[in-house]
Each structure stands twice: as structure tokens, then as C-alpha cells.
Amino acid sequence: MAAKTERVSRLLSSQPGNGGWDPRYRVFFQLLEQSRYYEAHDVLEDLWLQRRKEPDGNFYKALIQVAGAFVHATKGRWEPARKLLVLASGYFAQYPAMVAGLPPQELARWCRNTAQDWQDNPPVDLPPFPFLPEGPPPSPAPQQAQVSG
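About the cut-offs
Just so you know, the residues in each chain are numbered from 1, in the order the chain's sequence is written. Thresholds applied to this predicted model are a pLDDT of at least 70 for local features of residues and 80 or more for the giving and counting of side-chain atom pairs; totals over whole chains, interfaces and linings are not thresholded and use all residues. Values reported for side chains reflect all heavy atoms of the structure, with hydrogen atoms and water molecules removed beforehand. Under the DSSP-based scheme used, a helix requires at least four consecutive residues in state H or I and a strand at least two consecutive residues in state E, with every element numbered from the N terminus. Think of it in three bands: residues with accessible area under 20% of the maximum for their type are buried, residues over 50% are exposed, and the middle band is partly exposed, with areas taken using a 1.4 Å probe on protein chains only. What counts as a salt bridge is simple: a side-chain nitrogen of Lys or Arg found within 4 Å of a carboxyl oxygen of Asp or Glu. Any N or O atom pair separated by 3.5 Å or less is treated as a polar contact, with the protein-specific requirement of one donor-capable and one acceptor-capable atom, and with residues adjacent in sequence counted only for side-chain atom pairs. Working definition: rings of Phe, Tyr and Trp (its six-membered ring) pair if their centres are within 6.5 Å, and the pair is stacked with planes under 30 degrees apart, edge-to-face with planes over 60 apart, and tilted otherwise. Each ring is checked for a lysine NZ or an arginine CZ that lies within 6 Å of its centre and within 35 degrees of its normal; such an atom marks a charge sitting over the ring. Residue count minus one, scaled by 1.5 Å, sets the expected span of a helix.

J.: How should unusual backbone geometry be read in this particular structure?
T.: Phi angles above zero are rare outside glycine, and S35 is one such case at about 60 degrees. Summarising the element assignment, S35 is placed in the loop between α2 (23-33) and α3 (37-51). Residue classification places S35 among the partly exposed positions, given a relative accessible area of 45%. Notably, A100 is not glycine yet its phi reads approximately 50 degrees, a positive angle. Here A100 shows up in the loop between α5 (78-92) and α6 (104-120).

Take a look at the structure:
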């Protein structure tokens, strides 16, 4: 596990910073854009391991599954790629509103449609992942003033 942690640290330090999102979340999308799906999976998994029991844990899990689907697709393993997209779709569908700057219902639809497309006609060149977080990251909860009495 130490080697994986080192690899994630190197990936985080090698990508330019922009915005206030958690660096692992931001770098996940940068790596997807670079078609570095395995690395994207590892970086976001590091974040998910900390947040998996929080309300948005399954959302991050679904994004990891999308990256995994792309890893399988690059190797021509279409059936496991489709299965991961279907699983991700189910997790995204659990969220009715925006999560981490992304529309989960649209993500769920994209996963279902892409899984079907890859079954009917696997692409020669993988399409880019068509989503990026919108807007600023959520602000931390304000600290409540302590009343001394």
C-alpha cells in the first residue's frame, strides 16, 4: 500500500493546481483528460477511502468505477467495462441533486447509454469523459461561535 500512496503523491505533485476542490478530485479529472485512467482510478480511490462512509461516498465510488471501465475498455475488455458502467449508473442514480459540482442523474444516464453503445458498437477510439465539476467547491461549514456563560 505504501507504493500506491507514493504513486498518488507523485501524481498529485505533477499536476498543475487550479481551484479549491480537493486536489485528488481535481487531479482525477486532469488524468481522465490525459487518458491516464488507471492513475485517475488510484487518485480518486485515495479520496474515497477517506469519504466512503459519508453521504457522498457512493458518488466517488461510481466515479472510480467509470475510470475502471475506461481501463478495461482500453484493453478491449468490453464486458467488464460495461458492467462497471452499469454499476456506476446505479450509484449515481441514488443522488437527486448536484454532488461535487456534477449532475449525478446525467452521469447515470451517460453511463447507461455508454454501456449500451459499447455493447452494440465498441469504439475504436474511446470518447472523452464528458463531465467536469461546475462552479466553486462547497465552502466548509462555518464554525459556530461559542457562547461563554
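J.: Explain the pattern of salt bridges to me, please; I cannot follow it from the model alone.
T.: Where charged atoms from two side chains of opposite charge come close, those side chains can pair. Evaluated as defined, the whole model comprises six salt bridges. One salt bridge in this structure joins R24 and D46, with 3.1 Å as the shortest N-O distance. You can see R24 sitting in helix α2 and its partner D46 sitting in helix α3, a full 22 residues away along the chain. By relative accessible area, which is 11% here, R24 ends up buried.

J.: Can you help me understand α2 in this one?
T.: For an α-helix, the turn length of 3.6 residues means that residues three or four places apart are oriented alike. In terms of residue burial, α2 counts as a mostly covered element, since nine of its eleven residues are buried. Within the span of α2, buried status applies to R24, Y25, R26, V27, F28, F29, Q30, L31 and L32. The distance from a side-chain oxygen at the start of α2 to the backbone nitrogen of R24 is 2.8 Å, and the residue carrying that oxygen is D22. S35 sits one or two positions beyond α2 and adopts a positive phi of about 60 degrees.

J.: Just checking my understanding: could you explain the packing of aromatic side chains for this structure?
T.: Any aromatic ring pair is given by two values, namely how distant the centres are and how the planes are angled relative to each other. For the coordinates displayed, the defined rule picks out 15 aromatic pairs. Between F28 and F29 the ring centres are 5.0 Å apart and the planes differ by 85 degrees, which places this aromatic pair in the edge-to-face class. Between W110 and F129, the ring centres sit 5.3 Å apart and the planes meet at 90 degrees, which makes this aromatic pair edge-to-face. Placement of the pair is W110 in helix α6 and F129 in the segment after α6, with a sequence separation of 19 residues. Of the residues examined, W110 reaches a relative accessible area of 15% and is grouped as buried. Note that R52 overlies the ring of W48, its terminal NZ or CZ placed 5.8 Å from the centroid.

J.: Even after reading the chapter, I still don't get α3, so can you show me in this structure?
T.: Compared with the 21 Å implied by 1.5 Å per residue over 15 residues, the 21 Å span of α3 between its first and last C-alpha is a close match. Inspection of α3 places Y37, A40, H41, D42, V43, L44, E45, L47 and W48 among the buried residues, and these make up the whole buried set.

Limitation: the analysis is restricted to geometry and does not speak to function.
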